[in-house]
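Structural description and commentary
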Amino acid sequence: EPEVTQTPSHQVTQMGQEVILRCVPISNHLYFYWYRQILGQKVEFLVSFYNNEISEKSEIFDDQFSVERPDGSNFTLKIRSTKLEDSAMYFCASTAGGPKGAEAFFGQGTRLTVV
Amino acid sequence: AQSVAQPEDQVNVAEGNPLTVKCTYSVSGNPYLFWYVQYPNRGLQFLLKYITGDNLVKGSYGFEAEFNKSQTSFHLKKPSALVSDSALYFCAVRRSGNTPLVFGKGTRLSVIA
């Protein structure tokens, strides 16, 4: 069964450093998303991406964040200067698209720890 | 703006008994409703969805959910719980086809042998 793949599974970084989280969505999917889950809290939407541009973003997704689909298969989330409060599990998701509301498939997540 | 409420942080049920995990939602227009399950240190796995049609939706692992428009609810059910069903369950809503999901805070299900 096709799946969304995320790397690394765990990243530890120093405050102020840049991190890039990588995702390979399911190959024929059209919509891509990043969500995060702070430990013990609910899953929060960060950004959605369609047709090579951001289609929607939350207030969490400030100027420190950026997304890119550099080569038609990878989908990356960059945090420019990490803060302690960026520590969370980051999930990538993708959907096939279409008017009927296809379900999102999620990766296993990257646990980001900022020290 | 859309929102989801999962009123129970924790649900405990004995193995073999029926289980219900509650969810209510708020969204303008027709809702697109989903249930996901999260096992420890794992991603979110899709269980089932309601888009349109029959109010009773069947999904993976014997789970089902009932859409109730008048009560704006989408409760997750299973006739006979298994210990392996113990996990964190999330209800989610989106306002249209491919817009982002809005999640509830999650309900931890514990099935006791």
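Okay, so let's go over this structure. (Residues numbered from 1 in each chain as written. Chains lettered and ligands numbered in written order. Predicted model: local features only at pLDDT ≥ 70, side-chain atom pairs only at ≥ 80, totals over all residues. Heavy atoms only, no water.)

**Re the overall build of chain B**
Within chain B, the secondary structure is distributed over zero helices and 12 strands. Starting at the N terminus and ending at the C terminus, chain B contains elements arranged as β-β-β-β-β-β-β-β-β-β-β-β. Radius of gyration (C-alpha) of chain B: 13 Å, near the 13 Å computed for a compact globule of 113 residues. Reported as C-alpha extents along the three principal axes, the dimensions of chain B are approximately 40 × 30 × 20 Å. Put simply, 56% of the contacts in chain B that link residues at least 6 apart link residues at least 24 apart. Total accessible area on chain B is roughly 5,100 Å²; 49% of this is exposed by carbon and sulfur atoms. For chain B, the distance from the average position of its 11 positive side-chain charges to the average position of its 7 negative side-chain charges is 9 Å. (Helix = DSSP H or I, 4+ residues; strand = E, 2+ residues; numbered from the N terminus. Rg over C-alpha atoms; globule rule 2.2 N^0.38 Å. Contact = heavy atoms within 4.5 Å. Areas by Shrake-Rupley, 256 points an atom, 1.4 Å probe, with all protein chains shown as cover. Lys, Arg positive; Asp, Glu negative; His and termini not counted. Charge placed at Lys NZ, Arg CZ, Asp CG, Glu CD.)

**Brief notes about the pattern of salt bridges**
One pass over the structure, following the stated rule, counts seven salt bridges over all chains. Close ionic contact of Glu44(A) with Arg36(A) constitutes a salt bridge, the shortest N to O distance being 3.3 Å. Owing to a relative accessible area of 25%, Glu44(A) belongs among the partly exposed residues under this scheme. Of the charged contacts, one joins Lys49(B) and Glu103(A) as a salt bridge, the two residues approaching to 2.8 Å between their closest N and O atoms. Of this pair, Lys49(B) sits in strand E6 (residues 44–50) while Glu103(A) sits in the loop between strand E9 (88–95) and strand E10 (105–106), each in a different chain. (Salt bridge = Lys/Arg side-chain N within 4 Å of Asp/Glu carboxyl O. Buried < 20%, exposed > 50% of the residue type's maximum accessible area, 1.4 Å probe, protein only.)

**A short note on unusual backbone geometry**
Cis rather than trans, the peptide bond between Thr7(A) and Pro8(A) has omega equal to -10°. Tracing the chain through its elements places Pro8(A) in the loop between strand E1 (5–7) and strand E2 (10–13). Here the phi dihedral of Asn51(A) falls at roughly 55°; this positive angle occurs in a residue that is not glycine. Turning to its location among the elements, Asn51(A) is positioned in the loop between strand E5 (43–50) and strand E6 (53–57). You can call Asn51(A) exposed: its relative accessible area is 60%. Phi at Thr72(B) is positive, roughly 45°, even though this residue is not glycine.

The values reported here are purely geometric and, on their own, carry no functional implication.
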